[in-house]
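Analysis of the macromolecular model
Residues per chain, in single letters:
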Amino acid sequence: MTTSTDLQSLLRRIEKATTRLEELATKRAESAPAGGSSMSSVDLSASTAGADSKVLLEYEAAVQPQIANFVSYSDKIGGVVAEQARLVEALYHAQRSFLRIATLTKKPTMDQLPGLLGPQQSAIQQIISLRDANRPSEYFDNLSTIAEGIAAFGWVAVEPTPVPYINDMKDSAQFYANRVLKKWREKDENQVEWVKAFLSTLRELSAYVKLSHTTGLVWNPKGEDVEVAARAISGETAAAPVRGTGAPPPPPPPPPPVYTGETDSSAGATTRGALFADLNKGGEITSGLRKVEKEQMTHKNPALRAAGLVKEAPHSASTATTQQQTPVKQRPPRMELQGS
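Keep in mind that this is a model prediction, so the values were computed, not measured.

**A look at the overall build of the protein chain**
Across its full length, the protein chain holds 12 helices and zero strands. Order of helices (α) and strands (β) in the protein chain, N terminus to C terminus: α-α-α-α-α-α-α-α-α-α-α-α. Considering only residue pairs separated by 6 or more positions, the protein chain has 75% of its internal contacts joining residues 24 or more positions apart.

**Quick word on the side chain of K170**
Its location among the elements puts K170 in helix 7 (residues 162-184). Despite being buried, K170 has no salt bridge partner; D171 is the closest side chain of opposite charge, sitting 4.7 Å away. With residues up to four places along the chain from it excluded, the contact list for K170 reads L199, L202 and R203.

**A look at the pattern of salt bridges**
Side chains that differ in sign of charge can pair as their charged atoms come close. Under the definition given, this model contains nine salt bridges. Between K107 and E159 there is a salt bridge whose closest N-O contact spans 3.0 Å. Taken together, the positions of K107 in the loop between helix 4 (79-104) and helix 5 (113-132) and E159 in the loop between helix 6 (140-149) and helix 7 put the pair 52 residues apart, joining distant regions of the chain. Judged by its relative accessible area of 48%, E159 falls in the partly exposed class. Here E148 makes a salt bridge to R131, at a shortest N to O gap of 3.6 Å. With E148 in helix 6 and R131 in helix 5, this pair connects stretches of sequence that are 17 residues apart. The network of salt bridges with common partners includes R131, D132, R135 and E148.

**Some words on the packing of aromatic side chains**
A full pass over the atoms with the stated rule returns eight aromatic pairs. Between Y59 and Y92, the ring centres sit 5.6 Å apart and the planes meet at 10 degrees, which makes this aromatic pair stacked. Residue Y59 is located in helix 3 (residues 54-77), and its partner Y92 is located in helix 4; the two are separated by 33 residues in the primary sequence. Judged by its relative accessible area of 4%, Y92 falls in the buried class. Arranged with centres 5.5 Å apart and planes meeting at 50 degrees, the rings of F70 and F198 form a pair that is tilted. Highlighted residues: F70 in helix 3 and F198 in helix 8 (residues 189-212), separated in sequence by 128 residues. What makes F70 buried here is its relative accessible area of 2%. Within the aromatic cluster, the residues linked to one another by ring pairs are Y59, Y92, W155 and Y208.

**Overview of the packing of helix 6 against helix 8**
The geometry of a pair of packed helices is captured by two quantities: the angle between their axes and the separation between those axes. Remark: helix 6 packs on helix 8, axes separated minimally by 11 Å, with the N-to-C direction vectors making an angle of 5 degrees. On the basis of their axis angle, the class for helix 6 and helix 8 is roughly parallel. Between helix 6, through N142, T145, I146 and G149, and helix 8, the contact on the second element is made entirely by Q191, W194, F198 and L202.

**Comments concerning the nonpolar core**
F70, W155 and L205 are the most contacted members of the largest nonpolar core, which totals 54 residues. Of all the elements in the fold, those that place two or more residues in this core are helix 3, helix 4, helix 5, helix 7 and helix 8.

**Notes on the environment of A68**
Structurally, the position occupied by A68 is in helix 3. The partly exposed category is assigned to A68, whose relative accessible area is 39%. Distance from A68 to E89, taken between C-alpha atoms, is 8.0 Å for residues 21 residues apart in sequence.

**Some remarks on unusual backbone geometry**
Looking along the chain, the bond that leaves E159 and enters P160 is cis, with omega of 0 degrees. Considering the arrangement of structural elements, one finds P160 in the loop between helix 6 and helix 7.

**Looking at the environment of Q121**
Tracing the backbone through its elements, the reader meets Q121 in helix 5. For the pair Q121 and A94, spaced 27 residues apart in sequence, the C-alpha separation works out to 9.4 Å.

**A few points about the side chain of N142**
Relative to the elements of secondary structure, N142 occurs in helix 6. Not counting residues within four places of it along the chain, the set of residues in contact with N142 comprises I77, V81, Q84, V180, W184, Q191 and W194.

**So, helix 8**
Taking 1.5 Å per residue as the helical rise, helix 8 with its 24 residues ought to reach 34 Å, and the 35 Å between its terminal C-alpha atoms agrees with that figure. Put simply, D188 is the residue that caps the front of helix 8, since its side-chain oxygen is 2.9 Å from the backbone nitrogen of N190.

**Side note on helix 7**
For helix 7, built from 23 residues, the straight-helix expectation of 33 Å at 1.5 Å per residue is met to within 8% by its first-to-last C-alpha distance of 33 Å. Approximately 30 degrees is the largest bend angle found in helix 7, and it occurs at F175. Listing the buried residues of helix 7 in full gives P162, V163, I166, M169, K170, A173, Y176, A177, V180, L181 and W184. Among the structural elements, helix 6 and helix 8 are those in contact with the buried residues of helix 7.

Cut-offs applied
Residues numbered from 1 in each chain as written. Predicted model: local features only at pLDDT ≥ 70, side-chain atom pairs only at ≥ 80, totals over all residues. Heavy atoms only, no water. Helix = DSSP H or I, 4+ residues; strand = E, 2+ residues; numbered from the N terminus. Contact = heavy atoms within 4.5 Å. Buried < 20%, exposed > 50% of the residue type's maximum accessible area, 1.4 Å probe, protein only. Lys, Arg positive; Asp, Glu negative; His and termini not counted. Salt bridge = Lys/Arg side-chain N within 4 Å of Asp/Glu carboxyl O. Phe/Tyr/Trp six-rings, centres within 6.5 Å; stacked < 30°, edge-to-face > 60°. Axes fitted to C-alpha atoms, helices over the stretch in contact; angles between N-to-C directions. Parallel < 35°, antiparallel > 145°, perpendicular 65-115°, else oblique. Core = buried A, V, L, I, M, F, W, Y, C linked by side-chain atoms within 4.5 Å. Expected span 1.5 Å × (residues − 1). Polar contact = N/O pair within 3.5 Å; in protein donor to acceptor, adjacent residues only side chain to side chain. Bend = angle between axes of the 7 residues up to and from the residue.

As structure tokens, this is what we get:
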């Protein structure tokens, strides 16, 4: 369960980040050339110094009154409902500080963005955790209304359609809001106004985003590098963030050898050449064969087979090696006609 100490710590963190950003903007304004030779610095200090930014003023005008109204009705209900409302208020201040950073910096990379979103994500997680820790509470539907709809404040990380995303989160909250109305409509008028206040907050947030950030959060293309704002919000003073220092990947393996059809063995080339020469002889290739007499033919002289006088041809080294690897099963001789 969220404690008041955690809430106070989060608020102090937001205030500290805001103060550092104001100091940063002041220093930039003081260091800008008087003649205006640096267009980027002059534009940044004059139009996006922070609190007087048009984008930020529009956000405050649209959302801050709704948040104040919602917190007021939550305090009347009291208990965990009031505690959760304070977390919603802290989320509002965290998002206001984040929008101020956006007016001062260029668009960050996907690796840099999570660090900037940290305070908002922490507040949203605490809101959801408070609901999960109070399931037996009679105000569980109230807590669920906020927990389901509060993700709408995550629009700052949604591109290119943040407005439909906010409306989807509002619809998710509407389910539990209807249960609150059904349960308390005849018992507590504050509950009815409480529901209206929260849903009105989401509607005004959607209208503001549609007006100022139609296709996603607008950053300052002429602003500071985002690492400056990241150090400001985290309270660090290091010159640069720590990068990865892993060992370089091993070199790729050498490419496979290219087959060219040639061999290094002169004996292989000689044998292949002799084979092609014999094939070119055509019918003359059989002229060197020895004639076999009839008495030496085993199919015409069965006595030769019976006596075992027919000698086997000599085995080559490769044939002998193959036979040694795969021995042939010995069978007894048979004296009978098989097949035809």
